[in-house]
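# Survey of secondary and tertiary structure
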Amino acid sequence: GTGGGAAPPMERACLLRHVGTARQGLEDHEGAVEAFHAAQQVLEAQGAAESEEGAMLLSVFGATLLARGALGAARGALLHAFELRKRSDTMATPEGARLLMHMAFLRSSRGDLHAAFETYLEACRQHVAAARGVPRAAELLQRVAFAKESTGDISGACDACEEHRQVLSQACQIETQDGAQLLVALGVLNKELGRHEKALSCWEEARGVLESLGTSNTVEAADLLKNIAVTRQRLGYDAALEAFAHARRVRECTATFRTPEGAALLAATGLARHEGGDVAGALAEYAEARAILESSCALETVAGAALLANMGNAQVAAGDLGAATATYEEAMAIGLRGDGSCAAEVLMLQLNAGKAYRAFGNAERALALLADAQAQSESFPAALRAPLVTELFTEIGLARHQLGDVGGALKAYDEARRVCESAGDMETPRGAVLLSSTAVALLDSGDLVGARRALVTVIGRHKRLGTLRSQEGFRLLVQLGLVRRDLGDLKGAVEAYESARREGNALGLLKNASGANLIARIGVLKHLLGEYSGALKEYSRARKIHEASGDLDSPDGARLLVNVGLARRAQGDVKGMVAAYEDARSISRRSGALKTAAGVGMLRVLAAGKQALADEEGVLEVLEEARRMLEEQGSIGTQDGAQLLAGIGRTLCVLGRAVEALAVLEEAKMVLLRAKAMETTIGGDVQMHIGVAKTARGDHPGAVRAFAAAHRTRSRVGALDTPEGAALLYWLGSAQLRVGDHHGGLRSLGKARRLHEAQATLQTPEGALLLKRMGDALLAAGDRDSSWACYRAAALAAEAEPAPEPAPGGALPAQLPAVPGGPGMESYAEALQGIAAEALVRGEVEAAVETWTRARRHAPAAPATADATRLM
């Protein structure tokens, strides 16, 4: 009392309610119930049990019964209070909101969490401030979040946690251990919803709370740091490894590092290092994790299989395919011994192992694994199956292709395409890989048109996906250029290569040998298109790249210089061609490539260039080196060897070394006889050169026999109507004249003339020599008129001296062998002098003077004939 007297009944009831509430706060539930019963008796005695005070009493009485676990009695009291407030329309008050909160906890305790959450929301709507002022609201929200997560309503659980967070923040309780736990849980839920930025934000805030509380060196903190690190890595943040290292230090401090959880941390760190390009670092982390799991007898678990799978992936990236396949096999064995709960993981292991085995060269094992994985995939849900089956069939196709079964590969690609198209996945990187693989198989099957179609399609898709500017896009453009080139579409090939050059430049891929080779290919195409200057510019760019990267001294560098030589020869620049080939020769000699068939072929072309420059000593030196290369290869006893020996013999003849020439040429003849190849063009050439050598030695009958044999051989093989055939007939006719067979000699020279006329080569130095020889023979036979006509024709041919343009990429102009002391004239001036002398005999003085003047113009130092001296 306040004045010594008894309190009025209503005040006494209110006082007893407060006493009960105070005892409840002291957890004196029995005392609280006793006080509430006394208050209820007072109200009933006054007939006020259903008043506002009665409602308030029932509310706190129900809350006390709820705390004692008397859920049935609590439900009766709270529902009665709820009915009273509904009738008196007093729900929209702090007391009404508090009543709803009690009812929410009652429903929560009875397991009806969804109804509890709805009741809580109603309390918020009735009186937000009152509801949030209730300390147990946070606890309720925590329960609701757990319930929604358990039933799969992750979004609803996340919303409840956010509400929980707001309650704690308004109560200034977020920077507590409970607050940190809430933030961790909220981060996990956001991660499951794919909200990685929000998840990281929650975890970073939780980390700050733990550090402010001084509890950052706990197992829970280590797990939190791991989550932070993994998410940072996923989002591409640089600080992921720092968080991993911090988590490791915490686990080491709490003596929980050498546990399965510590191994999981190392596995996550390894994955982060691998994705960041540090494969060696990843393998070190995986190895340490494996050691921990082995010591904990926990390697043969789902986590152990996952660790081994990632380790295998890193070993593939490191190029250690043997170790990778062994690791994959171990992981698959663990997965297959399990209860089937990780079937998807085992299937992915088989896929990755198949890829590794294929790359390792064991396509049979790869195919077996992939086929098994494909069979298992039949039980997968359609949404998961489509992308997986596409990749599986693509890999099956690659393995079959590697085994030489191109048809089987194309069938697998067709199946992959059917699945991919039905799932609408063709416009994805996966679809692009499929089309690219299909193009390669079509190319190997000889279907160039189909390969071109596939390449154009996949390049178009890369453009639409924005992935053309990549190493794969660069490779596809180069491949398209090759296919178009092989189809004869040279301009289209140049276009594809130019696109590859643009993408390669942007990616920095043209600063090595591969880039130089691409540019060299553009040069080759321009050469084939007749753009020789453009080709040389491309070759110059390619050479600069080779020089900058230090790999000009390589087979690729030598090949580039050979192309330079071919382009210069096509321009008529024989000196430039020889210089380029000399450089290529030096490189090939150092790299050992000169000892190959291609190296010997290059030496032959170089020798032809030196011959065109009349550098016969140089020709001999080059051919002798080629001879040594063939002898080292054991190929000198072949037709190619015989042809080379014939060239050496010819050159020795030109240099006046007829005895040596005959020895080499006889060796070439023996090679052809052993190979039963004398009846060939090469056999004819050898016989002709033997004739030339015998002519130089003065053995004219032997020369006639050799030339006649060469003539028969060329006639039988259909190789007489050629420039070489005309040269042979010239030599045969000259030799026949020397042995006194004027009729046979003139007949042979006449055939040679007709060949020159048919080939439009009479107005050449070779034609002039032929006509001069015919004039000599006719003059000796007494046919002065015919002789005069031949001399005049020879003079005109000598005066013209045309220099035929070499065909693009064709052979160098054939050179007529000339032997000192043999038939022929010292110079064109000799023919003119003979004609001048003949004109004097005929009495044609003016013609003689004119012809002599022309002779002096060609050879000012030429000795004058007696008739000419008299004329002067």
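Note on numbering: residues in each chain are counted from 1, in written sequence order. Given that the model is predicted, a residue must reach a pLDDT of at least 70 before its local features are reported, and side-chain atom pairs must reach 80 or more before they are shown or counted; all residues, however, enter totals for whole chains, interfaces and linings. Side-chain measures were taken over the full set of non-hydrogen atoms in the model, leaving aside hydrogen atoms and water.

## Quick look at the overall build of the protein
A run of H or I in DSSP becomes a helix once it reaches four residues, and a run of E becomes a strand once it reaches two; helices and strands are each numbered from the N terminus. Counting its secondary structure elements, the protein contains 42 helices and 0 strands. Only protein chains enter the accessibility calculation, which uses a 1.4 Å probe; a residue is then buried when its area is under 20% of its type maximum, exposed when over 50%, and partly exposed in between. Expressed as a percentage of the 872 residues in the protein, the buried residues total 49%. Taking contacts inside the protein between residues at least 6 apart in sequence as the whole, the part at least 24 apart equals 56%. Just so you have it, the protein exposes about 39800 Å², and 53% of that area is on carbon and sulfur atoms. In what follows, residue pairs with any heavy atoms lying within 4.5 Å of each other are defined as contacts. All accessibility values rest on the Shrake-Rupley procedure with a 1.4 Å probe; residue burial counts only the protein chains present in the view.

## Considerations on the pattern of salt bridges
We define a salt bridge as a contact between a side-chain nitrogen of Lys or Arg and a carboxyl oxygen of Asp or Glu at a distance within 4 Å. By the definition in use, this model includes 46 salt bridges. Linked through salt bridges whose partners overlap, the residues forming this network are Glu 582, Arg 585, Arg 589, Lys 610, Asp 615, Glu 621 and Glu 625.

## With respect to helix α18 (residues 343-360)
By this rule the span expected of a helix is its residue count minus one, scaled by 1.5 Å. In a regular helix each residue adds 1.5 Å, so 18 residues correspond to 26 Å; α18 covers 25 Å between its end C-alpha atoms and thus fits that length. Phi turns positive one or two residues past the end of α18, at Gly 361, with a value near 100 degrees.

## Digging into the packing of aromatic side chains
Any aromatic ring pair is given by two values, namely how distant the centres are and how the planes are angled relative to each other. Aromatic pairing here means that ring centres of Phe, Tyr or Trp (its six-membered ring) are within 6.5 Å. Orientation follows from the plane angle: under 30 degrees is stacked, over 60 is edge-to-face, and everything else is tilted. Under the definition given, this model contains 3 aromatic pairs. Taking 5.8 Å as the distance between ring centres and 50 degrees as the angle between the ring planes, the aromatic pair formed by Phe 36 and Phe 61 counts as tilted. In this pair, Phe 36 sits in helix α2 (residues 29-45) while Phe 61 sits in helix α3 (residues 52-68), placing the two residues 25 residues apart along the sequence. Residue classification places Phe 36 among the buried residues on the basis of a relative accessible area of 1%. The exposure class of Phe 61 is buried, given its relative accessible area of 8%. Here the aromatic rings of Tyr 730 and Trp 731 are separated by 6.0 Å at their centres, their planes lie at 85 degrees, and the arrangement is edge-to-face. Accessibility expressed as a relative area gives 4% for Tyr 730, which makes it buried. Under the relative-accessibility criterion, Trp 731 is labelled buried at 1%. These aromatic residues form a ring-pair network of at least three members: Phe 707, Tyr 730 and Trp 731.

## What about helix α27 (residues 532-549)?
The first and last C-alpha atoms of α27 sit 26 Å apart over 18 residues, in line with the 26 Å expected at 1.5 Å per residue. Those residues of α27 that fall on the buried side of the exposure criterion are Tyr 532, Gly 534, Ala 535, Leu 536, Glu 538, Tyr 539, Ala 542, Ile 545 and His 546. The secondary structure elements touched by the buried residues of α27 are α25 (490-507), α26 (513-528) and α28 (555-570). Positive backbone phi, at 75 degrees, marks Gly 550, one or two positions downstream of α27.

## A closer look at the side chain of Ser 588
Here Ser 588 shows up in helix α29 (residues 574-591). Classification of Ser 588 as buried rests on a relative accessible area of 4%. Sequence-distant contacts of Ser 588, that is, excluding residues within four places in its chain, are made with Ala 558, Ala 593, Leu 594 and Met 602.

## Comments concerning the packing of helix α15 (residues 279-295) against helix α16 (residues 302-317)
At a minimum axis distance of 10 Å, the contact between α15 and α16 shows a crossing angle of 155 degrees. Taken together, the axes of α15 and α16 are roughly antiparallel relative to one another. Between α15 and α16 lies a crossing of left-handed hand. Mapping the contact onto sequence places Val 279, Leu 283, Tyr 286, Ala 287, Ala 289, Arg 290 and Leu 293 in α15 and Gly 304, Leu 307, Leu 308, Asn 310, Met 311, Ala 314, Gln 315 and Ala 317 in α16. Ten residue types, Ala, Val, Leu, Ile, Met, Phe, Trp, Tyr, Cys and Pro, are classed as nonpolar, four, Asp, Glu, Lys and Arg, as charged, and the remainder, Gly among them, as polar. Taken together, the residues of the contact of α15 with α16 sort by class into 11 nonpolar, 3 polar and 1 charged. Axis definition: a line fit to C-alpha positions, over the contact stretch in the case of helices; interaxial angles, taken between N-to-C directions, run 0 to 180 degrees. Each angle gets one of four labels, with under 35 degrees taken as roughly parallel, over 145 as roughly antiparallel, 65 to 115 as roughly perpendicular, and the rest as oblique. Handedness of a crossing is defined here by the sense of rotation of the near helix relative to the far one, left-handed for an anticlockwise turn of less than a right angle and right-handed for a clockwise turn.

## Some remarks on unusual backbone geometry
Located in the positive-phi region is Ala 255, a residue other than glycine, with phi close to 55 degrees. On the accessibility criterion, Ala 255 (68% relative accessible area) is exposed.

## With respect to the packing of α2 against α3
It is at 10 Å that the axes of α2 and α3 come closest, and there the two elements cross at 155 degrees. Judged by the inter-axis angle, α2 sits roughly antiparallel to α3. The way α2 lies across α3 gives a crossing that is left-handed. Each of His 29, Glu 30, Ala 32, Val 33, Phe 36, His 37, Ala 39, Gln 40 and Leu 43 in α2 lies in contact with α3, whose residues at this interface are Glu 53, Gly 54, Leu 57, Leu 58, Val 60, Phe 61, Thr 64, Ala 67 and Arg 68. Grouping the constituent residues of the contact of α2 with α3 by class yields 10 nonpolar, 5 polar and 3 charged.

## Focus: the nonpolar core
If you look at the biggest cluster of nonpolar residues, it comprises 68 residues, and the most contacted ones within it are Ile 648, Leu 672, Val 686 and Phe 707. Among the nonpolar cores identified, the runner-up in size contains 50 residues, and Leu 455, Leu 477, Ala 496 and Leu 518 belong to it. In plain words, nonpolar cores are sets of buried Ala, Val, Leu, Ile, Met, Phe, Trp, Tyr and Cys residues tied together by side-chain atoms within 4.5 Å.

## Concerning the environment of Ala 343
Among the secondary structure elements, Ala 343 is positioned in helix α18. Along the backbone, Ala 343 and Gln 376 are 33 residues apart, and their C-alpha atoms lie at a distance of 8.5 Å.

## Here we look at the confidence of the model for the protein
The predicted model of the protein averages 82 in pLDDT, with 83% of residues at 70 or higher. Counted against residues more than four places away or in other chains, residues 801-827, with its pLDDT under 50, gives 51 contacts. Along the chain, pLDDT gives the predictor's confidence residue by residue, from 0 to 100. Note on residues 860-872: pLDDT under 50 across the span, and 17 contacts to partners over four residues away in sequence or across chains.

## Regarding the environment of Phe 360
Along the chain, Phe 360 turns up in helix α18. When its relative accessible area of 48% is taken as the criterion, Phe 360 is described as partly exposed. Distance in space between the C-alpha atoms of Phe 360 and Ala 324 is 9.4 Å, their sequence separation being 36 residues. When sequence neighbours within four positions are dropped, the list of residues in contact with Phe 360 reads Leu 321 and Gly 322.

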